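Reading the structure
If you want the building blocks of each chain, they are given just below.
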Amino acid sequence: RDLRAANRYDGVYVPAGSEGVRSTMARTKEELVPILFRYFMAASLMSQEFDKHLTRDPKDSALHGGDPMAFLVSKAGLKMCLWYGMLYVVIEGWRDAKLSDAEVDRLLASPNTELLRLFRNGMFHFQTDRWLPAKFSDFFEPKNKTVEWVRSLTTELRRSLLAEMKKVSAKP
C-alpha cells in the first residue's frame, strides 16, 4: 500500500510521522510546517463541514436572522465553533514557527485575533459563567466583522501553508 497516497492534502505530500519529529522536539521551520499543516487540515475540514450544513439543513437558517442560541447548538453552529477554535490553534502554531506572509500577517494584526483567542478559550475550556459565554457573544458583535475576517484568514492561511508545504515536500 502506498502510504504517500493516503497522506495527501490538495496535492501536497504530508510526511508520515514528519521525519525527525517522532523522537525529538521539532526545531526547524521545515519540521514545524507539516505539524502546523495537520492542525490547519482539522480547521479546514470543520470549515467545509460548516459550509455543507449551511446549504442543506434548513434548521440552520438561524444563522440568517433566526435565534442565535438555536444556531449555536445546530450541526452547522457546532462545526463553526470547532472551526473557529481550531483556527486559533493554527495562529499559535504560525507564530511559534515564526512564519510570515504579508496578507496573513495583516489579518493577524486585527483586534479580531484576540477575540478569536477568547472564543477558542470559550469553546475548549469549560465556562461556568452562563450558557453563552461572553467570549462567544463579544466575538459576534457585528461591528467587528469577524465572520468575514475568519473566512479571509482561513483562505490566506490555506494559500500560505500550501506554499510552505510544497517547499518542504520538494526537499529531498
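Here, the structure is the one placed above.
As the structure is a computational prediction, the values presented were derived from the model and not from experiment.

Looking only at helices and strands, the protein features 8 helices and 2 strands. Its helices and strands taken in sequence order, the protein reads α-β-β-α-α-α-α-α-α-α from the N to the C terminus. When the 172 residues of the protein are sorted by exposure, 43% land in the buried category. Counting only contacts in the protein whose residues sit at least 6 apart along the sequence, the fraction spanning at least 24 positions is 66%.

For the structure shown, the criterion picks out 9 aromatic pairs. Site record: aromatic cluster; members linked through ring pairs are Phe50, Trp83, Tyr84, Phe119, Phe139 and Phe140. Taking the ring centre of Tyr39 as reference, the NZ or CZ of Arg38 above it sits at 4.6 Å.

This part covers the pattern of salt bridges. Going through the model one piece at a time under the given rule, you end up with 10 salt bridges. Between Lys79 and Glu49 there is a salt bridge; the shortest N-O distance is 3.2 Å. One end of the pair, Lys79, is in helix α4 (residues 75-96); the other, Glu49, is in helix α2 (residues 29-56), with 30 residues separating them in the sequence. When the shortest N-O distance is used, the salt bridge between Asp101 and Arg159 registers 2.7 Å. One end of the pair, Asp101, is in the loop between α4 and α5 (102-108); the other, Arg159, is in helix α8 (residues 146-170), and 58 residues separate them in sequence. Residues participating in the shared-partner salt-bridge network are Lys29, Glu164 and Lys167.

To continue, consider the nonpolar core. Ranked by internal contacts, the top residues of the largest apolar core, which has 38 residues, are Trp83, Leu153, Leu157 and Leu161. Mapped by element, the contributors of at least two residues to this core are α2, α3 (68-72), α4, α5, α6 (112-124), α7 (134-139) and α8. Per-element tally for this core: the top contributor is α4, with 11 residues. Ignoring anything within four residues of it in the chain, the contact list for Leu161 reads Leu36, Phe37, Phe40, Val90, Trp94 and Leu99.

This paragraph deals with the environment of Glu164. Here Glu164 shows up in helix α8. Separated by 131 residues in sequence, Glu164 and Val33 place their C-alpha atoms 6.9 Å apart. Dropping the residues within four chain positions of it, Glu164 is found in contact with Lys29, Val33 and Leu99.

Tracing the sequence through the fold places Ser44 in helix α2. In terms of polar contacts, Ser44 uses its side chain to reach the side chain of Arg158, at 2.9 Å.

Of note in the backbone geometry, Lys98 takes a positive phi value of approximately 55° without being a glycine. For Lys98, a relative accessible area of 70% puts it in the exposed group. Notably, Lys145 is not glycine yet its phi reads approximately 50°, a positive angle. Of the residues examined, Lys145 reaches a relative accessible area of 57% and is grouped as exposed.

Here is what the cut-offs are and how they apply
- Residues numbered from 1 in each chain as written.
- Predicted model: local features only at pLDDT ≥ 70, side-chain atom pairs only at ≥ 80, totals over all residues.
- Heavy atoms only, no water.
- Helix = DSSP H or I, 4+ residues; strand = E, 2+ residues; numbered from the N terminus.
- Buried < 20%, exposed > 50% of the residue type's maximum accessible area, 1.4 Å probe, protein only.
- Contact = heavy atoms within 4.5 Å.
- Phe/Tyr/Trp six-rings, centres within 6.5 Å; stacked < 30°, edge-to-face > 60°.
- Lys NZ or Arg CZ within 6 Å of the ring centre and 35° of its normal.
- Salt bridge = Lys/Arg side-chain N within 4 Å of Asp/Glu carboxyl O.
- Core = buried A, V, L, I, M, F, W, Y, C linked by side-chain atoms within 4.5 Å.
- Polar contact = N/O pair within 3.5 Å; in protein donor to acceptor, adjacent residues only side chain to side chain.

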